[in-house]
Every structure is written in C-alpha cells, then in structure tokens.
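Observations on chain architecture
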Amino acid sequence: MVDPLSEALSLLDMRSARCTRLEAGGAWALQFPAKPALKFVAVLRGQCWITLQDEQPYQLEAGDTFLLTNAPPYVIANDPRKLPEDGIALFDWAHSDVAHHGGAETVLLGGAFVFHAGNAQLLLDALPPLIHIPAQDPAAAVLRGTLEILDGEIRSSRIGSSLITHRLADILLVQALRGYVALHGNDGTGWIGALADRRIGAALNLMHGDVGRQWTVSELASAVGMSRSGFALRFKDLVGTSPLDYLLRWRMQVAREALRRNEGSVASLAAQLGYASESAFGNAFKRVLGRAPKRYWSSSVPAAVAATGT
C-alpha cells in the first residue's frame, strides 16, 4: 500500500546530513545560525534553554527532543542571560562529530536534513518553527531507543558508522513527526496530521496510489464512507486545501521531480498524471509552479538546501 508520508519524503529527495554530539559544562551559551531546512536536537543529559530570535527562552530537560523548521538564529544555553559564543566554531569538522565546551554536564545530539530546494517547502510549510516532544510524552520513549544507538555510532569510529547514522537520523525524523501528530492531534498539523485521520488519511492514500486517475470529490467521499459535503469540509479543515487542489499540487510535485531527474518527456508525464493533452498539463504546471515545464529547470535554483551543526 502507498504510504503518502514515505512517498513525500522520497519525493523531497531528503537526505540526512551530518549528526553531531555537543558536550558542555560550567556556564555556557552557544549561538547557532538560521537554518533554511529541518533539523533535530535531543537533550541526552542535563538541562538547558533554547531561545529563538525574538522569543522567550524555552526550557529543555533530559529526554526532550525538538525539531526546528526554517528556524531563525537561536541560542542553546544553561544560562540564557549569558552572552553567547559561536557554537559552530566549537566543532573540528575535519576530524570529529563531537564538540566539547568546558565539561559534559549537558549532552546534546543534533542532526540536519538536506532537501532538494524546489521541493523542500512541501514538508517545511506543514510544520511549525519549533516542535517540542517532552521527555514524559510516550513518543519520547520511542525516540530514546533510536537516540541511544545513534549516540553510540557518533562516538565510535567503526566501519559503516556514517551510513548507520544517516539511516537512524531518517528513522528519528519519522518517529518525531509521529510524536508531533500524536501530541497535537490531527487538527492543526496540516497534511501530515491528516494522514493519521482514518477517513481523510484513506483518501490521501487513494490519491497517492493512483495519482493519474480523474478523481472526483464524490468518488473520494464515497470510497471513505462520507457524504460529499462532509468529506470536502473535513479534508479542507485538516489539509488546508480542497481535495482536488491537493491532488493538483501533488501531481505538480511529482512532475517537477520527474523533470529534474529527466525521467520521461513532457508528453509522457502528461499522460501519466491524467491529462488529456500536453497543453492541458503545461497550463496546470505553469499555474502551480509559475513556469512552463520545458523551461522550469533551466532557471532553477541550486539543487539542495543543507543544514549542519547542532
């Protein structure tokens, strides 16, 4: 069965970047730059505060995990009143993934994710700037097992550690997104939360499973056992757009990625995605993405957005 979240992450060409460990002691405050993508940080030991730009400090305890989405510059500190130092400069990037600052009373684990720049907003727009999964939440218990293995790999120099850390970071992201939806419910979590709704999630599965079919709202509603009006209202409440608008935009995401990878002609893509003609497909593509499909990648932005450091 098609899993829309897995399919979306695959379409984003998401790759986990470097994972790092930060050990700090004494009085400290570390500044990290803005991240135009997605990253996670977990508190393995001790406690600290995170302060996003123009926000009040937010306390974190051992066992807490948070995700940062398109975050502004931020500070991690055990004393938020202290003038922060450059956190990136602590890392000897050529030789180690572990940074030290005066002790190890507090230990943080971090990682970032690389996306193809053109597709990144599909995920990033669905998430708030800060997602906090507290230690006492059931999802944190699941994360702890993955974090323990990830921490061991970061600190080791065993063969294959880099590959394992990348795979574990991917797992950690999905576990954190599950925890986010479980913590906040389906409402207000965008299309990611909608996947967990029994009926709307089923409709999304249907659309992703047969993206070229000429779906109607009535067909989708009937397939998931809802009235047309009730389905349309519930879908828009959870996903933030109408069913057919979602389908249109998903088709264009698929098309954009296929064009980037040079997978088939515009005519073959039009047929695959359910359009009766190349011109109808081209008009839809231009309406959603702002350019004709044949010209889209000639003026595209650089291929990836990356984030590194804790």
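Now for a quick tour of the structure.

Thresholds applied
Residues numbered from 1 in each chain as written. Predicted model: local features only at pLDDT ≥ 70, side-chain atom pairs only at ≥ 80, totals over all residues. Heavy atoms only, no water. Helix = DSSP H or I, 4+ residues; strand = E, 2+ residues; numbered from the N terminus. Buried < 20%, exposed > 50% of the residue type's maximum accessible area, 1.4 Å probe, protein only. Areas by Shrake-Rupley, 256 points an atom, 1.4 Å probe, with all protein chains shown as cover. Core = buried A, V, L, I, M, F, W, Y, C linked by side-chain atoms within 4.5 Å. Contact = heavy atoms within 4.5 Å. Expected span 1.5 Å × (residues − 1). Bend = angle between axes of the 7 residues up to and from the residue. Polar contact = N/O pair within 3.5 Å; in protein donor to acceptor, adjacent residues only side chain to side chain. Phe/Tyr/Trp six-rings, centres within 6.5 Å; stacked < 30°, edge-to-face > 60°. Lys NZ or Arg CZ within 6 Å of the ring centre and 35° of its normal. Axes fitted to C-alpha atoms, helices over the stretch in contact; angles between N-to-C directions. Parallel < 35°, antiparallel > 145°, perpendicular 65-115°, else oblique. Salt bridge = Lys/Arg side-chain N within 4 Å of Asp/Glu carboxyl O. Lys, Arg positive; Asp, Glu negative; His and termini not counted. Pairing = 2+ DSSP bridges.

Details of the overall build of the protein
For the protein, the helix and strand inventory stands at 12 helices and 12 strands. Of all 310 residues assigned to the protein, the portion counted as buried reaches 50%. If you sum the accessible surface of the protein, you get close to 14200 Å²; carbon and sulfur atoms cover 52% of it.

Observations concerning the nonpolar core
If you look at the biggest cluster of nonpolar residues, it comprises 69 residues, and the most contacted ones within it are Leu38, Phe40, Trp191, Phe231 and Phe281. Looking at this core element by element, the count peaks at 9 residues for helix H9 (residues 243–260). Discounting chain neighbours no more than four positions away, the residues touching Phe281 are Met252, Ala255, Val266, Leu269, Ala270, Leu273, Tyr275 and Pro293. Core analysis: the second largest hydrophobic core is formed by 18 residues, Leu30, Phe32, Val41 and Ala99 among them.

Focus: helix H3 (residues 138–155)
Its 18 residues place the ends of H3 27 Å apart at the C-alpha level, agreeing with the 26 Å of an ideal helix rising 1.5 Å per residue. In the structure, H3 departs most strongly from a straight axis at Arg144, where the bend amounts to approximately 25°. Along H3, the residues that are buried comprise Ala139, Ala140, Leu143, Thr146, Leu147, Leu150, Asp151, Glu153 and Ile154. Looking at where H3 begins, the residue whose side-chain oxygen comes 2.9 Å from the main-chain nitrogen of Ala139 is Asp137.

What to know about the packing of aromatic side chains
Using the criterion set out here, one finds 7 aromatic pairs in the structure. When the ring of Phe231 is compared with that of Phe235, the centres are 5.7 Å apart and the planes differ by 55°; the resulting orientation is tilted. Pair noted here: Phe231 and Phe235 are both in helix H8 (residues 228–239), with a separation of 4 residues, about one helical turn. Between the NZ or CZ atom of Lys39 and the centre of the ring of Phe32, over which it lies, the distance is 5.8 Å. One Lys or Arg, Arg213, reaches over the ring of Trp215 and ends 4.1 Å from the middle of that ring.

Remarks on the side chain of Gln175
When you line up the elements, Gln175 lands in helix H4 (residues 161–184). Given a relative accessible area of 15%, Gln175 falls into the buried group. Once residues within four sequence positions are removed from consideration, Gln175 is found in contact with Val142, Leu143 and Thr146.

Some thoughts on the packing of H9 against helix H11 (residues 278–289)
For the pair H9 and H11, the least separation of the axes is 10 Å and the interaxial angle reads 100°. Between H9 and H11, the angle falls in the class roughly perpendicular. Residue-level inspection shows Leu248, Arg249, Met252, Ala255, Arg256 and Leu259 of H9 in contact with H11, the latter providing Phe281, Ala284, Phe285, Arg287, Val288 and Leu289.

Overview of the pattern of salt bridges
On inspection of all chains with the given rule, the structure shows 8 salt bridges. The partner of Arg21 in a salt bridge is Glu23, with the nearest N and O atoms 2.8 Å apart. In this structure, Arg21 and Glu23 share a single accessibility class: buried. Between Arg21 and Asp151 there is a salt bridge, with its nearest N and O atoms 2.6 Å apart. Placement of Arg21 in strand E1 (residues 15–24) and of Asp151 in helix H3 is noted, with a sequence separation of 130 residues between them. Note on accessibility: Arg21 and Asp151 belong to one class, buried. Overlapping salt bridges bring together Arg21, Glu23, Asp151 and Arg155 as one network.

Here's the deal with the side chain of Asp64
Position of Asp64 among the secondary structure elements: in the loop between strand E5 (58–60) and strand E6 (65–69). One buried charged residue, Asp64, forms no salt bridge at all, with the nearest opposite charge on Arg144 at 7.4 Å. At a separation of 2.9 Å, a polar atom in the side chain of Asp64 contacts the side chain of His132. What Asp64 contacts, discounting residues up to four positions off in sequence, is Val41, Ala42, Val43, Gln59, His132, Ile133, Pro134 and Ala135.

Regarding the sheet that holds strand E8 (residues 85–86)
One open sheet holds the 5 strands; their spatial order is E5-E4-E7-E2-E8, and the pairing between them is mixed. Since the sheet does not close on itself, it has two edges, and those belong to E5 and E8, each with one partner. Bridge count for strand E2 (residues 29–32) against E8 is 2 bridges, and the pairing is parallel. Following the sheet pairing, Leu30 is matched in E8 by Glu85.

Re the pairing of strand E7 (residues 74–77)
Burial along E7 is two-sided: the residues Tyr74 and Ile76 and Val75 and Ala77 are all buried. Pairing between E2 and E7: 4 bridges, direction antiparallel. The partner of Gln31 across the bridge, within E7, is Val75. Where strand E4 (residues 48–52) lies against E7, 4 bridges are found, and the strand directions are antiparallel. Across the sheet, Ile50 pairs through a bridge with Ile76, a residue of E7.

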